[in-house]
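Residue-level listing of the chains:
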Amino acid sequence: MAEQLSTGKCDSPLLQAFVDNRSILVKIAARITGCRSRAEDVVQDAFFRLSSAPQITSSFKAQLSYLFQIVRNLAIDHYRKQSMELKYSGSEEEGLNVVVQGASPEATHINFATLEHIADALNELPQRTRYAFEMYRLHGVAQKDIAKELGVSPTLVNFMIRDAMVHCRKVSNQRT
């Protein structure tokens, strides 16, 4: 069942002021970010910061000023981050026209051959070692999770990954 949004009183007067003035806070953030959905994100970030903030026992006016300042600062930070990302990113079409260094047919063949050698080296390993290596290096699974799944210690998983890496390097160096 979906949880209903509570419109009751909050524990903190500051959070209650936030809830009561949420629409105004979104408008303030939208003026800075230029987008209502981004403004909603900014206000949500502000709420999370306020929920862990210490209790403020000042006047209601001071609490509102504090809320507005937090939202304003977060919106400015968000706008700056967005501007920086736009400055250093390009369109998808630009990315398709980028020349890749070393993309000659010979380099491609060498890279595929190296990958085949590594795949062969991994197939030479015990299944459990190969599994631990592939889960950690290729799928990004944490070593402690691999250890739980295999029923071994995280230290043993670390050694299995290290052994697999050493074996792959040794096989790769022998074939080049």
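Residues numbered from 1 in each chain as written. Predicted model: local features only at pLDDT ≥ 70, side-chain atom pairs only at ≥ 80, totals over all residues. Heavy atoms only, no water.

A. Representation of the overall build of the protein. A tally of regular secondary structure across the protein gives nine helices and zero strands. Across the protein, helices and strands are ordered from the amino to the carboxyl terminus as α-α-α-α-α-α-α-α-α. Every one of the 176 residues in the protein was classed for burial, and the buried ones make up 26%. In the protein, of all internal contacts separated by at least 6 residues, the share reaching a separation of at least 24 is 61%. Within the structure as shown, the protein displays about 12900 Å² of accessible surface, and the carbon and sulfur contribution to it stands at 54%. (Helix = DSSP H or I, 4+ residues; strand = E, 2+ residues; numbered from the N terminus. Buried < 20%, exposed > 50% of the residue type's maximum accessible area, 1.4 Å probe, protein only. Contact = heavy atoms within 4.5 Å. Areas by Shrake-Rupley, 256 points an atom, 1.4 Å probe, with all protein chains shown as cover.)

B. Inspection of the packing of aromatic side chains at higher detail. Under the counting rule described, the total for this entry stands at two aromatic pairs. With 5.4 Å between their ring centres and 45 degrees between their planes, F18 and F47 make a pair best called tilted. In this pair, F18 sits in helix α1 (residues 13-20) while F47 sits in helix α3 (residues 36-51), placing the two residues 29 residues apart along the sequence. Residue class for F18 comes out buried when judged on its relative accessible area of 4%. A relative accessible area of 30% means that F47 is categorised as partly exposed. With a centroid separation of 6.2 Å and 65 degrees between ring planes, the pair formed by F47 and F48 is classed as edge-to-face. Taken together, the ring pairs connect F18, F47 and F48 into an aromatic cluster. (Phe/Tyr/Trp six-rings, centres within 6.5 Å; stacked < 30°, edge-to-face > 60°.)

C. Inspection of the packing of helix α2 (residues 22-33) against helix α4 (residues 60-88) at higher detail. Two elements in contact, α2 and α4, have axes whose closest approach is 9 Å; the angle formed by their N-to-C orientations is 30 degrees. As judged from the angle between their axes, α2 and α4 are roughly parallel. For the element pair α2 and α4, the recorded crossing hand is right-handed. Taken together, the residues of α4 that come into contact with α2 (itself represented by I24, L25, I28, A29, I32 and T33) are L67, F68, V71, R72, A75, I76, H78, Y79 and Q82. Here the contact of α2 with α4 is composed, by residue class, of 11 nonpolar, three polar and one charged. (Axes fitted to C-alpha atoms, helices over the stretch in contact; angles between N-to-C directions. Parallel < 35°, antiparallel > 145°, perpendicular 65-115°, else oblique. Left-handed = near helix turned anticlockwise from the far one by under 90°. Nonpolar A, V, L, I, M, F, W, Y, C, P; charged D, E, K, R; others polar.)

D. How the structure looks around the confidence of the model for the protein. Chain-level statistics for the protein give a pLDDT mean of 83 and a share of 84% at 70 or above. The low-confidence segment residues 1-6 (pLDDT under 50) makes zero contacts with residues lying over four places distant or belonging to another chain. (pLDDT = per-residue confidence, 0-100.)

E. Main features of the pattern of salt bridges. One pass over the full model with this rule turns up four salt bridges. E40 serves as the salt-bridge partner of R36, at 3.5 Å between the closest nitrogen and oxygen. Placement of the pair is R36 and E40 together in helix α3, with a separation of four residues, close to one helical turn. Judged by relative accessible area, E40 falls into the partly exposed class, the value being 23%. Of the charged contacts, one joins E134 and R130 as a salt bridge, the two residues approaching to 4.0 Å between their closest N and O atoms. Of the two residues, E134 and R130 are both situated in helix α7 (residues 127-137); the distance of four residues between them amounts to about one turn of the helix. By relative accessible area, which is 25% here, E134 ends up partly exposed. Residue classification places R130 among the partly exposed positions, given a relative accessible area of 22%. (Salt bridge = Lys/Arg side-chain N within 4 Å of Asp/Glu carboxyl O.)

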